[in-house]
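# Residue-level structure breakdown
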Amino acid sequence: MMIGKILIANRGEIAVRIIKACKELGVKSAAIYSDADATALHVKLADEAYHIGKSEASQSYLNIEKIITLAKEIGADAIHPGYGFLAENAKFIEQVEKSGIKFIGPSAKAVELMGEKTSARRLMKDSGVPIVPGTTEPVKSFEEAEELAGEIGYPIMLKAAAGGGGKGMRKVESQTELKSSFERASNEALKAFGNADIYIEKFIENPKHIEVQVLADEFGNTVHLFERECSVQRRHQKIIEESPSPSINEETRRQITSAAVKAAKAVHYKNAGTVEFLYDTASKNFYFLEMNTRLQVEHPVTELVTRTDIVKEQIKIASGEKLGFKQEEVSQSGHAIECRIYAEDTENNFAPSTGKILHHKIPMGPGVRVDTGIDLHSEVSVYYDPMLAKLIVWDVNRNDAIKRMTEALKNYQIAGVTTNIDLLLWVLRHEKFLNSTFTINFIDEELLPKLPTEWKKELYQEYEKAAILLAAILKDEKKRLHVSSNNTGTNNSWELLKYE
Ligand code: MV4
């Protein structure tokens, strides 16, 4: 029986995305909203909308009691958690299911197993999925850590067993650093996660981040929807994602996608999930990192190259349907790129930018998709993630997709907040992006040394060339002029054409 009504326990672009899938399936959608979101786009688009509390996430989108009580009251058959907030909270999932409501996602058990990183590593190792060399049990003492680190070989990573997504990680270069690092790492883990357990991995230098989308129904049918390349990131915040990965060959693609299906089957995974890998370009080895037991921000690039609708598949799976296609029927076609548009100021240490959206015109055209939760007059507040929109393009190959994305970014008009659109344009024309030699360290190594202003000169180079060309044309027409640019890098004042 198809689910009749879904409560969407989220906000912003992902709530809007889920509402669209509900509409296409003829399922009723119920939004929840906080004080700050009273006039938000997801509230306007949903069939029903319910105020749930104050602006702080802890008082609204994280309030388990209120959300489950509301779901029962309004007769929701299921809850879709989106990403973030309660999406990977095993206790929430347990309580949802205990109350007789379907959770659109994996079981609490699978979330728990993958959430505890050493149990995930044991399970992967036993299932033949390659893991980063290191321990599969928490390290009990500094003395044990010293011995194991020596065997693994420096540099190593200390990671919190309860961590993930970059939280609770520490690189250790040599034995002399180990004592203080180990103590600090376990203290921090205890504070952040209420669990001091630490494990050790060999540090992988300059890897790429490649992840595989999986889908599994409740009958054990498990397929992958190929991979995404997500290496362009800063402080664990992805900026650009694409599919297929330009960094792997067909043989590696075959291996990494089968490893992901193996990983999902090992936890009896159901619904949509993502298996993350580090890819070492030097050795061509890939290693399981963690599994994200949720719908991810970057799912649209997979949708565009595999011609699927992952959110509709999630709802159908949760309704008890069998997967409607077999692995052999899934193929990757063309190339998709996603750029995340954030309200932040690149030149002010990426500080979040808040304010009212005074103008918003999104690019349109063949192969262009915008997933956004904002609207003209929306208020971008300090309370939630500063991601404003995802701009996603598809084209027949990577070069054409990059060109299409560049044009779309130039035509993304937004006023009222500062955005990272210029930074995205800077990445798209960078040699290392164009030739696919970028790694997870790309932004740190290539952009940070050029902040706050130097990077902009590179961005404006093409305009400068255009100005010189224009000048030459005008000269031909016997106009006396010369080109000068006085971009000192501080005031962005460009005086391109000066008549004598
Ligand atoms: C690593 C690593 C290098 N070696 N583990 C960061 C997020 C978390 N999922 C795991 N992370 C890393 N683990 C070893 N043994 C480098 C990272 C890492 C990273 C991984 C994926 C995407 C972006 C990253 C940025 C910095 C560090």
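It should be noted that the structure appears before, not after, this text.
Summarised in this report is the structure supplied together with it. Keep in mind that this is a model prediction, so the values were computed, not measured. (Residues numbered from 1 in each chain as written. Predicted model: local features only at pLDDT ≥ 70, side-chain atom pairs only at ≥ 80, totals over all residues. Heavy atoms only, no water.)

To continue, consider the site of the ligand. In the neighbourhood of the ligand, 18 residues make up the surrounding shell, with K159, E201, K202, I204 and E290 lying closest. Interatomic distance of 2.9 Å between a side-chain N/O atom of E201 and a nitrogen atom of the ligand. In isolation the ligand has 510 Å² of accessible area, and contact with the protein removes 91% of it. Taken together, the elements giving at least two residues each to the shell around the ligand come down to β6 (156–164), β8 (198–202), β12 (271–280) and β13 (285–292). Tallied by class, residues from the shell around the ligand come to eight nonpolar, five polar and five charged. Taken domain by domain, the makeup of the shell around the ligand includes at least three residues from each of domain 2 (133–202) and domain 3 (207–457). (Near = heavy atom within 4 Å. Polar contact = N/O pair within 3.5 Å; in protein donor to acceptor, adjacent residues only side chain to side chain. Areas by Shrake-Rupley, 256 points an atom, 1.4 Å probe, with all protein chains shown as cover. Helix = DSSP H or I, 4+ residues; strand = E, 2+ residues; numbered from the N terminus. Nonpolar A, V, L, I, M, F, W, Y, C, P; charged D, E, K, R; others polar. Domains from an automatic or database assignment.)

When you line up the elements, T135 lands in the loop between α6 (117–126) and α7 (142–152). Contact partners of T135, with chain neighbours within four places excluded, come to R121, L148, I152, Y199 and I200. (Contact = heavy atoms within 4.5 Å.)

What follows deals with the pattern of salt bridges. Following the criterion strictly, the structure yields 36 salt bridges and no others. In this structure, R11 engages D37 in a salt bridge whose closest nitrogen and oxygen atoms are separated by 2.7 Å. With R11 in the loop between β1 (5–8) and α1 (12–25) and D37 in the loop between β2 (28–34) and α2 (41–45), this residue pair connects regions lying 26 residues apart in the sequence. For the pair formed by R11 and D37, the shared burial category is buried. Across the pair D47 and K23 runs a salt bridge, and its minimum N-O distance is 3.8 Å. Of the two residues, D47 sits in the loop between α2 and β3 (48–53) while K23 sits in helix α1, which places them 24 residues apart along the sequence. In this structure D47 comes out as partly exposed when scored by relative accessible area, which is 43%. Taking relative accessible area as the criterion, K23 reaches 48% and is therefore assigned partly exposed. (Salt bridge = Lys/Arg side-chain N within 4 Å of Asp/Glu carboxyl O. Buried < 20%, exposed > 50% of the residue type's maximum accessible area, 1.4 Å probe, protein only.)

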